[in-house]
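Close look at the chain arrangement
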Amino acid sequence: MDEGLDPQVKLKLLEAARAAEPDYPNVKKGIGCGAAALVAGILFGLFAVSFFRQLSVLSRISMITGFALIAALIAGGVAAFRPPFK
């Protein structure tokens, strides 16, 4: 089917197909940045929770988990939906 097409027409069709594909959400970039923010959120949560001596262990764990998940969601979402630089 493509054997009879002119090479310039093939090139134009390939360019149109590349332009039609959405560049975002970039899932790989979002997951990578989200994972990095998760680790950073855990470390920040450990630091922040260490000042609260009267909290129980379960409360500390839930605060650390909350810090980490919120950081991962925000960073992953921003990284995934940010348009690429051209």
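Structure's up top.
Presented here is a report on the structure given in the accompanying data block. (Residues numbered from 1 in each chain as written. Predicted model: local features only at pLDDT ≥ 70, side-chain atom pairs only at ≥ 80, totals over all residues. Heavy atoms only, no water.)

Digging into helix α3 (residues 57-81)
Convention followed: Secondary structure counts use DSSP, requiring at least four H or I residues in a row for a helix and at least two E residues in a row for a strand, with both numbered from the N terminus. A helix's residues, less one, multiplied by 1.5 Å, set its expected span. When a residue's accessible area, from a 1.4 Å probe over protein chains only, is under 20% of the maximum for its type it is buried; when over 50% it is exposed; and in between it is partly exposed. Every residue pair with non-hydrogen atoms within 4.5 Å of one another is taken to be in contact.
With 25 residues, α3 extends 36 Å between its outermost C-alpha atoms, agreeing within 8% with the 36 Å of an ideal straight helix rising 1.5 Å per residue. Buried within α3 are the following residues: Ile64, Ala68, Ala72, Gly76, Ala79 and Ala80. Looking at the packing, one finds that the buried side of α3 touches α2 (27-49).

Details of the packing of aromatic side chains
Keep this limit in mind: Geometry of aromatic contacts follows a simple scheme: Phe, Tyr and Trp rings, the Trp one being its six-membered ring, pair when their centres are within 6.5 Å, and the pair is stacked under 30 degrees between planes, edge-to-face over 60, tilted otherwise.
All told, the structure shown has two aromatic pairs when counted by the stated rule. Where Phe44 meets Phe67, the ring centres are 5.4 Å apart and the plane angle is 80°; that geometry is what we call edge-to-face. Separated by 23 residues along the polypeptide, Phe44 in helix α2 and Phe67 in helix α3 bring together distant segments of the chain. Phe44 gets classed as partly exposed once you look at its relative accessible area, which sits at 47%. What makes Phe67 partly exposed here is its relative accessible area of 30%. Measuring from centroid to centroid gives 5.2 Å for Phe47 and Phe51, while their planes differ by 85°, and the two rings are edge-to-face.

Things to note about α2
An α-helical turn contains 3.6 residues, so any two residues separated by three or four positions project in the same direction. In this model α2 runs 31 Å from its N-terminal to its C-terminal C-alpha over 23 residues, within 8% of the 33 Å that 1.5 Å per residue would give. Among the structural elements, α3 are those in contact with the buried residues of α2.

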